Amino acid sequence: MKSELTGTVLCGANNIFTVRSETPAPAAPGETYECRIKGKILKNAEADYNPLCPGDSVCFLPAPETHGAARREGVLLSRGERKNVLLRWNKKGRGAQAIAANVDLLVCIASPVSPPFRPRFLDRLLIAASLTSIPAALCINKCGQGTDEDMEERLADYASRGLPIVRTELTPPGQENLASLGELIRGKRVVFAGQSGVGKTSILNRLAGAKGKV
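All of the points below concern the structure found in this document. (Residues numbered from 1 in each chain as written. Predicted model: local features only at pLDDT ≥ 70, side-chain atom pairs only at ≥ 80, totals over all residues. Heavy atoms only, no water.)

The next subject is the overall build of the chain. Helices and strands together make up the secondary structure of the chain, namely four helices and eleven strands. Looking at the chain alone, contacts between residues at least 24 apart form 61% of all its contacts between residues at least 6 apart. Surface summary for the chain: the accessible area is close to 12,400 Å², and the carbon and sulfur share equals 52%. (Helix = DSSP H or I, 4+ residues; strand = E, 2+ residues; numbered from the N terminus. Contact = heavy atoms within 4.5 Å. Areas by Shrake-Rupley, 256 points an atom, 1.4 Å probe, with all protein chains shown as cover.)

Here you go:
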């Protein structure tokens, strides 16, 4: 009979969660399992709108290996205690939906013009982070588009409140400050958040060393 393992939730869809194992034995750290919740109700998360989100620590039982199986599977038993959780309001479910847990830093990504700078959107993200004591930073991507006086005043206000601000540009020849962003997030569990089109995926690909995807 296999022993219970501990792991971290990487992602989930349709009540199937990808979990990276953290227990040294019998599984090697870093192995991934596709897991379902035992009995559809997860211990320590019974009252939550969505019981699991990326970053959650979990206890799970690996399923017996099947010869020729393309993936490892398991059954989720319980969720560990969260040090924090980033939430948003789900209108359809009329409840607080967990986006990420056990976060070291929230990086709010915005752009000056395309898409346009939306300070109210950023304020909602920053408030959601502050409610559970998640540190935050601001990344102004596509800074080559230029900023107007109103945007600079708002950025100065954010800076005066102690919010770290990094300005990045990925398009040649004006590439800049990606290394500064990399140093800011190094060794941390980070959430990148921002409206569609601000460059979240491009920044992640560049930081991860991906080629041909920027």
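So much for the structure itself; the text now carries on.
Inspection of the secondary structure assignment puts V58 in strand β4 (residues 57-62). Placed 38 residues apart in sequence, V58 and R20 show a C-alpha to C-alpha distance of 9.7 Å. Every residue in contact with V58, bar those within four places of it in the chain, is listed here: L5, T6, G7, V9, V19, L52, L76, S78, R79 and G80.

We now examine the sheet that holds strand β10 (residues 165-167). Taking strand neighbours across the sheet as the criterion, the four strands line up as β10-β9-β8-β11 in an open arrangement whose pairing is parallel. The open sheet has two free edges, formed respectively by β10 and β11 (190-193), since each of these has just one partner strand. When strand polarity is set aside, the average angle formed by the axes of neighbouring strands in this sheet is 20 degrees. Note: strand β8 (residues 105-110) against strand β9 (residues 136-140), five bridges, orientation parallel. Paired with C108 across the strands is L138, a residue of β9. With respect to the sheet, helix α2 (residues 149-160) is in contact with β9 and β10, its orientation differing from that of β10 by roughly 140 degrees. (Pairing = 2+ DSSP bridges. Axes fitted to C-alpha atoms, helices over the stretch in contact; angles between N-to-C directions.)

Across four bridges, the pairing between strand β1 (residues 5-13) and β4 is antiparallel. Counted as the bridge partner of T8 is S57 from β4. Relative to strand β5 (residues 73-79), β4 is paired through five bridges, and the arrangement is antiparallel. Residue pairing in the sheet places V58 in a bridge with R79 of β5.

What follows deals with the sheet that holds strand β3 (residues 32-37). The mixed closed barrel is built from five strands, whose spatial order is β1-β2-β3-β5-β4. On average, each strand axis in the sheet is tilted by 50 degrees relative to the strand beside it, whichever way the strands run.

Ranked by size, the top nonpolar core spans 23 residues in total, and within it L106, F117, L138 and Y158 carry the most contacts. The set of elements that each furnish at least two residues to this core consists of β8, α1 (119-131), β9, α2 and β11. Tallying contributions element by element places α1 first for this core, with six residues. Beyond its immediate sequence surroundings of up to four residues, F117 is in contact with A110, S111, P112, L122, I140, M151, R154, L155 and Y158. (Core = buried A, V, L, I, M, F, W, Y, C linked by side-chain atoms within 4.5 Å. Buried < 20%, exposed > 50% of the residue type's maximum accessible area, 1.4 Å probe, protein only.)

Glancing now at the side chain of D56. Tracing the chain through its elements places D56 in the loop between β3 and β4. On the basis of relative accessible area, D56 is assigned to the buried category, the value being 0%. Separated by 2.9 Å, the side chain of D56 and the backbone nitrogen of C53 make a polar contact. Polar side-chain contacts of D56 include one of 2.7 Å to the side chain of R82. Apart from residues no more than four positions distant in its own chain, D56 is found in contact with G7, T8, V9, P51, R79, R82, A101 and N102. (Polar contact = N/O pair within 3.5 Å; in protein donor to acceptor, adjacent residues only side chain to side chain.)

So, about the side chain of N102. Summarising the element assignment, N102 is placed in the loop between β7 (95-101) and β8. A polar atom in the side chain of N102 sits 2.8 Å from the backbone oxygen of G55.

Applying the stated criterion across every chain yields a total of zero disulfides. C143 provides the cysteine sulfur closest to C139, a residue in no disulfide bond, and the two sulfurs are 8.6 Å apart. (Disulfide = S-S within 2.5 Å.)

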